[in-house]
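Each chain, letter by letter, is given below.
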Amino acid sequence: MQQSRFPVRGAGLGLRRDHLDALEQQVPACINFFEIAPENWIGTDRVSAQRLRALSERFAFVCHGLSLSLGGLNPLNTALLREIRTLMDTHGIALYSEHLSWCSDHGQLYDLLPIPFTEEAVKHTVARIRQAQDVLGQRIAIENASFYLQAPISEMDEASFINAVLHEADCWLHLDVNNVYVNSVNHAYDPREFLRQLPAERVVYMHMAGHYQQEPNLLIDTHGETVIAPVWDLLDFTYQQVGVLPTLLERDYNIPPLADLVPEVEQIASLQRKYMP
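Residues numbered from 1 in each chain as written. Predicted model: local features only at pLDDT ≥ 70, side-chain atom pairs only at ≥ 80, totals over all residues. Heavy atoms only, no water.

**Student:** Teacher, can you tell me more about the overall build of the chain here?
**Tutor:** A count of helical and extended segments in the chain gives 9 helices and 12 strands. Each principal axis of the C-alpha distribution contributes one length, and for the chain these read about 50 × 40 × 35 Å. Counting over 277 residues, the chain shows a buried share of 55%. Sequence-distant contacts, at least 24 apart, represent 80% of the contacts inside the chain between residues at least 6 apart. On the chain, the mean spot of the 20 positive side-chain charges and the mean spot of the 35 negative ones are 8 Å from each other. (Helix = DSSP H or I, 4+ residues; strand = E, 2+ residues; numbered from the N terminus. Buried < 20%, exposed > 50% of the residue type's maximum accessible area, 1.4 Å probe, protein only. Contact = heavy atoms within 4.5 Å. Lys, Arg positive; Asp, Glu negative; His and termini not counted. Charge placed at Lys NZ, Arg CZ, Asp CG, Glu CD.)

**Student:** Is there a simple way to think about the packing of aromatic side chains in this case?
**Tutor:** The relative placement of two aromatic rings is captured by the distance of their centres and the angle of their planes. The full count for this structure, using the stated rule, is 7 aromatic pairs. Each ring, one from F6 and one from W172, has its centre 6.3 Å from the other, and the planes form 90°; the classification is edge-to-face. One end of the pair, F6, is in the segment before β1 (11-14); the other, W172, is in strand β8 (residues 172-176), with 166 residues separating them in the sequence. Residues F6 and W172 agree in their burial class; the two are buried. For R139, the ring lying beneath its charged end belongs to W172, and the centroid distance is 4.4 Å. Geometry around F237 places R192 over its ring, the cationic atom sitting 5.4 Å from the centre. (Phe/Tyr/Trp six-rings, centres within 6.5 Å; stacked < 30°, edge-to-face > 60°. Lys NZ or Arg CZ within 6 Å of the ring centre and 35° of its normal.)

**Student:** What am I meant to see in empty space enclosed by the protein here?
**Tutor:** By rolling a water-sized probe across the atoms, one finds the places where empty space is left. Throughout the structure, instances matching the rule amount to 1 cavity of 30 Å³ or more. Of the voids in this model, the largest cavity is the one considered here, and its volume is about 90 Å³. Along its surface, the largest cavity is lined by L100, P114, I115, F117, N144, A145, S146, F147, E158, F161 and I162. Each residue belonging to the lining of the largest cavity can be placed in one class, and the counts come to 8 nonpolar, 2 polar and 1 charged. (1 Å grid on protein atoms, 1.4 Å probe; cavity = no way out; pocket = protein on both sides within 12 Å on 5 of 7 lines; lining within 4 Å. Points joined across faces, edges and corners; volume = space filled by probe spheres on them. Nonpolar A, V, L, I, M, F, W, Y, C, P; charged D, E, K, R; others polar.)

**Student:** Could you clarify how one ought to interpret a negative patch on the surface in this entry?
**Tutor:** Side chains of E119, E120, E155 and E168 sit close together on the surface and give a patch of like negative charge. Within the secondary structure, E155 sits in the loop between β7 (141-143) and α5 (158-169). (Patch = residues over 30% accessible without salt bridge, like charges linked within 9 Å, V, L, I, M, F, W, Y side chains within 5 Å. Areas by Shrake-Rupley, 256 points an atom, 1.4 Å probe, with all protein chains shown as cover. Salt bridge = Lys/Arg side-chain N within 4 Å of Asp/Glu carboxyl O.)

**Student:** Please clarify how the packing of helix α4 (residues 119-136) against α5 should be interpreted in this entry.
**Tutor:** Two packed helices can be described by the angle between their axes and the distance between those axes. Their axes nearest at 9 Å, the elements α4 and α5 cross at an angle of 40°. Classed by the angle they form, the pair α4 and α5 counts as oblique. As for the relative orientation of α4 and α5, their crossing is right-handed in sense. Of α5, the residues touching α4 (which contributes A121, V122, V126, I129, R130 and Q133) are F161, A164, V165, E168 and A169. For the contact of α4 with α5, the per-class residue count stands at 8 nonpolar, 1 polar and 2 charged. (Axes fitted to C-alpha atoms, helices over the stretch in contact; angles between N-to-C directions. Parallel < 35°, antiparallel > 145°, perpendicular 65-115°, else oblique. Left-handed = near helix turned anticlockwise from the far one by under 90°.)

**Student:** Whenever I open this one, helix α9 (residues 258-275) confuses me. Can you help?
**Tutor:** Each full turn of the α-helix corresponds to 3.6 residues, which orients residues three or four apart in the same direction. Across its 18 residues, α9 extends 27 Å between first and last C-alpha, which sits within 8% of the 26 Å expected from 1.5 Å per residue. Of all the positions in α9, only L258, L261, V262, E264, V265, I268, A269, L271, Q272 and Y275 are classed as buried. Close packing links the buried residues of α9 with β1, α1 (20-25), β9 (203-208), α8 (229-242) and β12 (247-249). (Expected span 1.5 Å × (residues − 1).)

**Student:** I tried to follow the side chain of E250 on my own but got confused; where do I start?
**Tutor:** Looking at the element boundaries, E250 is found in the loop between β12 and α9. For E250, the side chain forms a polar contact with the side chain of H207, separated by 3.1 Å. The contacts of E250, once residues within four sequence positions are left out, are E35, H64, D176, H207, M208, A209 and H223. (Polar contact = N/O pair within 3.5 Å; in protein donor to acceptor, adjacent residues only side chain to side chain.)

**Student:** What's the story with the pairing of strand β10 (residues 212-215) in this structure? I'm lost.
**Tutor:** Moving residue by residue along a regular strand, the side chains alternate between the two faces of the sheet. By the bridge criterion, 3 bridges tie β10 to strand β11 (residues 218-220) in an arrangement that is antiparallel. When the sheet's bridge partners are listed, Y212 is paired in β11 with I220. Connecting β10 to the next strand, β11, in antiparallel fashion are 2 residues. (Pairing = 2+ DSSP bridges.)

**Student:** Help me understand the side chain of E158, please; the structure alone is not making it clear to me.
**Tutor:** Here E158 lies in helix α5. One buried charge, E158, has no salt-bridge partner; the nearest side chain with opposite charge is R196, at 15 Å. Separated by 3.3 Å, the side chains of E158 and N183 make a polar contact. Discounting chain neighbours no more than four positions away, the residues touching E158 are F117, A145, F147, N183, Y189 and F194.

**Student:** Help me understand the confidence of the model for the chain, please; the structure alone is not making it clear to me.
**Tutor:** Counting all residues, the mean pLDDT for the chain is 93, and 95% of those residues have values of 70 or more. The low-confidence segment residues 106-110 (pLDDT under 50) makes 9 contacts with residues lying over four places distant or belonging to another chain. (pLDDT = per-residue confidence, 0-100.)

Here is the structure:
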């Protein structure tokens, strides 16, 4: 089975300030690493920076960006990338990932919008990923995004677009299993067949999350609910396809106490053990 290329292993949890007090008392045994959005920690106050450093000295961390807008038309925010590189160096973070989407238009849109699946968009996005990799001095991982409308100008399907970007940018894939499931329901395709089309050798990191069912055939990727059984089944299948790689539980809204998230992190760890030698 494929193993992580980074000093990150097992099951992880997105770090939320709501949970800092509890984590400083005791980190549950099932949590092997944490993820932060660098935008939320760059330039933070001294006390928060010290609390983050106390955790990063003991546990591995991943950076997952929110605002780079890899598919956007505005110039890439290289100043932000330099700040991210400094943050990663300070905390010994080896992996940075970002969404395969765009989120700016003369300002931050505070939403992750899909990139049209066209050859022109491949070239545009690839150039920006390469630029980001040059500034950071390392490969980045791009995350497959959830989307709700098919762009009428698209020239290829989602899997072909992702494959083209990965190949031409020579970057990693951050595989969000819930996003695959959400898109498969919203756009009526087989999520397992979709996963078979992705290059397993490019996958380095995974996300699990909950979503909101607005209608029978419309799921909204909220990260605000517990993970449902079909998504757990899809994670099991994903491990069979690409190997056991570091997998994080995302919970960004309706954030419960830390103890309420532990069973889901434990479920990730349990599935991983199923496929470990």
